[in-house]
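Here are the chains, one letter per residue:
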Amino acid sequence: MRVLTVVGARPQFVKAAPVTRALRVRHQETLVHTGQHYDDAMSAAFFRDLEIPPPDVNLEVGSGSHAAMTAEMLRRLEPVIEQREPDGILVYGDTNSTLAAALVAAKLVVNGRRPWLAHVEAGLRSFNPLMPEECNRIVADHLADLSLAPTATAMNHLEREGLADRAELVGDVMVDAHLWAAQRAEDQLPAAARANPGYLLVTLHRAENVDHPDRLARWMGELAIDRRVIFPLHPRTRQTMKKTGIPAPSNVTVIDPVGYLAMVALESHAYAIATDSGGVQKEAYLSGVPCITLRNETEWTETVEAGWNRVIGDEAGGLAAALADVAFMNRTKSRPAHYGDGRAAARIVTALEALNARHRAQQQITGEGLPQASPPTPSLRRHPSEAPAR
Ligand code: UD1
Ligand code: UDP
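What comes next is a walk through the structure. (Residues numbered from 1 in each chain as written. Chains lettered and ligands numbered in written order. Predicted model: local features only at pLDDT ≥ 70, side-chain atom pairs only at ≥ 80, totals over all residues. Heavy atoms only, no water.)

Let us look at helix H1 (residues 10-23). For H1, with 14 residues, the first-to-last C-alpha span of 20 Å sits near the 20 Å given by 1.5 Å per residue. Maximum bend of H1: about 35 degrees, positioned at Ala16, with proline Pro18 one to four residues after it. The buried count for H1 comes to 10 of 14 residues, which makes it a mostly enclosed element. Among all positions in H1, only Gln12, Phe13, Val14, Lys15, Ala16, Ala17, Pro18, Val19, Thr20 and Leu23 are buried. (Helix = DSSP H or I, 4+ residues; strand = E, 2+ residues; numbered from the N terminus. Expected span 1.5 Å × (residues − 1). Bend = angle between axes of the 7 residues up to and from the residue. Buried < 20%, exposed > 50% of the residue type's maximum accessible area, 1.4 Å probe, protein only.)

Here is the structure:
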C-alpha cells in the first residue's frame, strides 16, 4: 500500500511519528510537509527528537492568512499527489494543513482512481464555531473515507453527525508518542527547570488568547503568582509580545520553544501545567500532572471529568485559585485510560489496510473515481410517447 501523509504543524509531527514508524514496516509512505511551521524549533527539531525520517517533500508554504495559506497549500499539494499516485492520503488533527490536504484528496482523481482519505484524531469538537480548528476538523471528518477517532467521546460526535459507518475507534496516537518519548526524555530537562523545582509550566498560543494585546496582557497578569513559571514561547505569542511590548511578569522565565523530548521532561517535572494547547492538556493527564486550561472550553473533556484538568475561561484569579485548591492539586486521583493503551498506531495501520482493500474492491465494481461518461443531453432524449408521427 502506498500512503501519502500530509503534516505541517508541530503537533502533527508528534502525532504522525508513531504511525509513520508502524506504517513503514510493511508499506510505502511519502511524507509531505506543507511548511506551515518552519523554524528549526517548530519543525526539524521534532523529526530529530522523534527519530522519524525528514519529509520527502516540503511545500514551503510558510505563514499567511488562513485563506492565503490554505490556497497555496491546495495549489502546491495537488501536483505532488498526482505525481506520487498514492493509494490513499492520511491527514492529522485540525490545522490549515489538514484542511488543505483533505480538500485536495477528496476531489482528486489520479489515473482514473480517487485515492482514499483517512483522518487521524477525528471527531473532536469544541462546539466553538469561531475556532478555525473547529472548521478544519469538521470539514476533514466529513470528507474522509475513514475517520480514526481517539476516544469514545469523539466517536459519539461522529455518530451524531451521521459518520458512524465511516468511523473507527483506535485510541490516541499521542499516547503512543508519549510512551516512546518518556523513556528517552529524562536527560533532556532544560536547565531553567532543573534550577527551579516546583515550577508551573505554561504554554499559550491560541489566536483568541495571544493575538489581541489586551487579552495577552490579561494572561500575563494571571501568571504573576508566587511561584516560578517556565514558559516556552510559541512564535505567535512572541510576535505579539514583541509588537506590543507586553512584558512577562518577573516570576516568569521565558524560553524558546523546546523539542518534544525536552517538553515531555518539562511536563513530567512540573508542579502543574497551565496551557491553551490541546496536546499539552492530554500530556499533562498522561504524566499525572494537574492541568489548568486557559480557554473557555476543551475538546479533551475526559481530563476534566477525571478531575485532572480545570477550564478557567475568563475567571479573574482562576489560575491562582486552581493552584491553591488542595483537592484539585492532589495527585492520588485515578487516571482511567480514556486515551487508549499506546497501540493506536498499529490499529491505524490495520484499519488503513482494510480501507485500502475495500476501496479497491469498490472502485473495481462501481468504477467510482473513473471519469464518468457524460449523460446524454436532455434535448437528445425522447420519451417513446414523443416518437415522431410516421
Ligand atoms: C497552528 C494551528 C493550530 C495549532 C498550532 C500548533 C491553524 C489554523 N492553526 O497555529 O491549530 O494548535 O499550529 O502550534 O492551522 N511562526 C513562526 N515560525 C514558525 C511558524 C509560525 O514564526 O515556524 C509565526 C508566524 O508569524 C505565523 C504565526 O507564528 O504567522 C502563526 O503560525 P500559524 O501556523 O499560522 O498558526 P499557529 O498559531 O502556529
Ligand atoms: N510541544 C513541544 N515544545 C514546546 C511546546 C509544545 O514539543 O515548546 C509539543 C507538546 O508536547 C505537544 C505538541 O507540541 O506534543 C502540542 O503542540 P501545540 O501546543 O503547538 O498545538 P496543539 O496541540 O494545541 O494543537
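Our focus in this paragraph is the packing of aromatic side chains. One pass over the full model with this rule turns up 4 aromatic pairs. Plain terms: the ring middles of Tyr285 and Tyr339 are 5.7 Å apart, the flat faces sit at 85 degrees to each other, and that makes the pair edge-to-face. A residue pair is termed long-range when its members are at least 10 positions apart, and Tyr285 in helix H13 (residues 278-287) and Tyr339 in the loop between helix H16 (326-329) and helix H17 (344-366) qualify at 54 residues. For Tyr285, a relative accessible area of 4% translates into the label buried. Since its relative accessible area comes to 2%, Tyr339 is described here as buried. (Phe/Tyr/Trp six-rings, centres within 6.5 Å; stacked < 30°, edge-to-face > 60°.)

This part is about the site of ligand 2. Around ligand 2 lies a shell of 19 residues, among which Arg206, Val258, Ser277, Gly279 and Glu283 are the nearest. One of the backbone nitrogen or oxygen atoms of Gly279 is found 2.8 Å away from an oxygen atom of ligand 2. Protein burial of ligand 2: of its 530 Å² of free accessible surface, 96% is covered by the chains. Mapped by element, the contributors of at least two residues to the shell around ligand 2 are H1, helix H12 (260-269) and H13. No other element matches the 4 residues that H13 contributes to the shell around ligand 2. The class makeup of the residues in the shell around ligand 2 is 10 nonpolar, 5 polar and 4 charged. (Near = heavy atom within 4 Å. Polar contact = N/O pair within 3.5 Å; in protein donor to acceptor, adjacent residues only side chain to side chain. Areas by Shrake-Rupley, 256 points an atom, 1.4 Å probe, with all protein chains shown as cover. Nonpolar A, V, L, I, M, F, W, Y, C, P; charged D, E, K, R; others polar.)

Around ligand 1 there are 20 residues in total, and His37, Tyr38, Asn96, Glu133 and Arg236 lie nearest to it. Asn96 is positioned with one of its backbone polar atoms (N or O) 2.8 Å from an oxygen atom of ligand 1. Between ligand 1 and the protein, one listed contact pairs an oxygen atom with a side-chain N or O atom of His234 at 3.1 Å. Compared with its free state, where it exposes 750 Å², ligand 1 has 89% of that area covered by protein. Secondary structure elements with two or more residues in the shell around ligand 1: helix H3 (66-84) and helix H11 (235-244). In the shell around ligand 1, the residues fall into 6 nonpolar, 9 polar and 5 charged.

Tallied over the full model, the rule gives 2 cavities of 30 Å³ or more. Lining the largest cavity are Val120, Glu121, Leu148, Ala149, Pro150, Val170, Gly171, Asp172, Val173 and Ile348. Residue composition of the lining of the largest cavity, grouped by class: 7 nonpolar, 1 polar and 2 charged. A volume near 30 Å³ is recorded for the second largest cavity. In terms of lining residues, the second largest cavity is bounded by Gly123, Leu124, Arg125, Thr151, Thr153, Ala154, His157, Glu299, Trp300 and Glu302. Among the elements that line the lining of the second largest cavity, the one with the most residues is helix H6 (residues 152-160), at 3 residues. A class-by-class count of the residues in the lining of the second largest cavity yields 3 nonpolar, 4 polar and 3 charged. (1 Å grid on protein atoms, 1.4 Å probe; cavity = no way out; pocket = protein on both sides within 12 Å on 5 of 7 lines; lining within 4 Å. Points joined across faces, edges and corners; volume = space filled by probe spheres on them.)

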